[in-house]
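A look at the structure
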Amino acid sequence: MARVALVTGGQRGIGATISERLKDQGRTVVASYAGNEEAARAFTERTGIPCIRFDVGDFEQCKAAVAEIKEKYGPIEILVNNAGITRDGTMKRMDRKMWDDVIDTNLGSCFNLCKLVWEDMSAKKFGRIVNIGSINGQAGQYGQVNYAAAKSGIHGFTKALAQEGARFNITVNAIAPGYVDTEMVRAVPPDVLEKIIARIPVGRLGRADDIARGVCFLTADDAEFITGSTMSINGGQHMY
Ligand code: NDP
């Protein structure tokens, strides 16, 4: 069904594959991005999926973007909060800006966009929200107090909002990916990456398609009984 879907950070990395798979399912997809014009242009050319630029951490920008999408395509019925950043550093090196940037982009964005789509979803008695968390929000990670806190926060946010959405047929779920083969992970030094792969029982990094499959499952029209859950997609690396 041509339900309107917004995938934040949906023009590259994991988000790009999520956007494409949702489109394959007949959804009307809009992908958002922060500023990488080249990636956005190439993505739209390749897939036909329109991109919209705004900062997910900024409430007013989110408000304008949600209104624009509603005007062009109709109210958002499927929201995938995928945009995320890392600003790693040990406590000694982490400054307040690194903390704020990661919390605002990864967690503040979930508040901003859920808040802005909530009224329409409630009125329609239909909504599917998927927040992309992380294995590092479940297990913690050295040098990532900001990212682990934001992602862990997403998991709590999801469970609380799911309780509010239940009577409106709005499901709210999270996916906690393990290490997925994207630019974010390719930046990890090869020797460290080798050690990471050695800890994954299935013996490989995740693929963006592994995560997109979970998103399609959770956003299906008939997935109404699955809410407040965190789906771990991590090759068995962390069983939580
Ligand atoms: P990428 O770094 O490849 O892509 C990040 C996306 O988010 C880009 O589209 C980027 O836009 C967008 N973005 C970043 N900041 C903002 C902002 N302030 N406003 C709007 N958009 C923004 O990330 P991945 O594909 O690797 O990760 C996707 C999600 O999965 C993230 O939430 C990440 O934390 C999570 N995750 C990833 C894992 C991995 O192994 N890769 C593991 C576990 C979780 P632009 O291109 O314009 O900068």
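Treat the numbers as computed from the prediction; the structure is a model and nothing was measured.

A look at the pairing of strand β6 (residues 170-177)
Sheet faces and side chains relate simply in a regular strand, where the side chains alternate between the two faces. With respect to burial, β6 is a largely interior element, eight of its eight residues being buried. Burial of the side chains of β6 extends over both faces: Ile170, Val172, Ala174 and Ala176 are buried on one face and Thr171, Asn173, Ile175 and Pro177 on the other. Of the strand pairs in this sheet, strand β5 (residues 127-132) and β6 are connected by six bridges, and their pairing is parallel. By the bridge assignment for β6, isoleucine 132 is matched with isoleucine 175. Across four bridges, β6 lies against strand β7 (residues 230-233) in parallel orientation. Paired with proline 177 across the strands is isoleucine 233, a residue of β7.

Topic: the site of the ligand
Around the ligand, the surrounding shell holds 29 residues, and the nearest of these are Gln11, Arg12, Asn82, Tyr147 and Val180. One of the backbone N or O atoms of glycine 35 is found 2.8 Å from an oxygen atom in the ligand. The separation between a nitrogen atom of the ligand and a polar side-chain atom of threonine 182 is 2.9 Å. Protein burial of the ligand: of its 900 Å² of free accessible surface, 92% is covered by the chains. Going through the elements one at a time, α1 (13-24), α6 (145-165) and α7 (183-186) are the ones with two or more residues in the shell around the ligand. Per-class residue counts for the shell around the ligand are 14 nonpolar, 12 polar and three charged.

Structural notes on helix α2 (residues 37-47)
If you check which residues of α2 are buried, you get Ala39, Ala40, Phe43 and Thr47. The buried residues of α2 occupy an angular sector of 100° when the element is viewed end-on, so they sit on one face. What points out from α2, more than 90 degrees from its buried face, is the exposed set Glu38, Arg41 and Glu45. Summarising the contacts, the buried residues of α2 are in contact with α1, β2 (28-33) and β3 (51-53). One or two steps after α2, the chain reaches glycine 48, where phi turns positive at roughly 80°.

A look at the UniProt feature "domain: Ketoreductase" (unreviewed entry) in the chain
Here the UniProt feature "domain: Ketoreductase" (unreviewed entry) sits at residues 3-178. Helix makes up 53% of residues 3-178 and strand 18%, with an end-to-end C-alpha separation of 29 Å.

What to know about the pairing of β5
For β5, the buried fraction is high: six of the six residues fall into the buried class. Every second residue of β5 is oriented toward a common face, with Gly127, Ile129 and Asn131 on one face and Arg128, Val130 and Ile132 on the other, all of them buried. Sheet topology places strand β4 (residues 78-81) next to β5; four bridges connect them, and they run parallel. In the strand pairing of β5, isoleucine 78 is matched with arginine 128. Between the parallel elements β4 and β5, the chain passes through helix α4 (residues 96-124) in a crossover that is right-handed.

Notes on helix α9 (residues 208-219)
Between its first and last C-alpha, α9 extends 17 Å over 12 residues, near the 16 Å set by a 1.5 Å rise per residue. Burial of α9 is extensive: nine of the 12 residues sit out of reach of the surface. Where α9 is buried, its residues meet α1, β4, β5, β6 and β7.

Let's talk about the packing of α4 against α6
Where α4 meets α6, the closest approach of the two axes is 8 Å, and the angle between their N-to-C directions is 15°. Comparing their axes, α6 and α4 come out roughly parallel. By crossing handedness, the relation of α4 to α6 is classed as right-handed. In contact with Met98, Trp99, Val102, Ile103, Asn106, Leu107, Cys110, Phe111, Cys114 and Trp118 of α4, α6 contributes Val145, Asn146, Tyr147, Ala149, Ala150, Lys151, Gly153, Ile154, Phe157, Leu161, Glu164 and Gly165. By residue class, the composition of the contact of α4 with α6 is 16 nonpolar, four polar and two charged.

Rules behind the numbers
- Residues numbered from 1 in each chain as written.
- Predicted model: local features only at pLDDT ≥ 70, side-chain atom pairs only at ≥ 80, totals over all residues.
- Heavy atoms only, no water.
- Buried < 20%, exposed > 50% of the residue type's maximum accessible area, 1.4 Å probe, protein only.
- Helix = DSSP H or I, 4+ residues; strand = E, 2+ residues; numbered from the N terminus.
- Pairing = 2+ DSSP bridges.
- Near = heavy atom within 4 Å.
- Polar contact = N/O pair within 3.5 Å; in protein donor to acceptor, adjacent residues only side chain to side chain.
- Areas by Shrake-Rupley, 256 points an atom, 1.4 Å probe, with all protein chains shown as cover.
- Nonpolar A, V, L, I, M, F, W, Y, C, P; charged D, E, K, R; others polar.
- Arc of directions from axis to C-beta.
- Contact = heavy atoms within 4.5 Å.
- UniProt positions renumbered as here; feature names shortened; annotations may be inferred.
- Right-handed = clockwise from strand over helix to strand, strands pointing away.
- Expected span 1.5 Å × (residues − 1).
- Axes fitted to C-alpha atoms, helices over the stretch in contact; angles between N-to-C directions.
- Parallel < 35°, antiparallel > 145°, perpendicular 65-115°, else oblique.
- Left-handed = near helix turned anticlockwise from the far one by under 90°.

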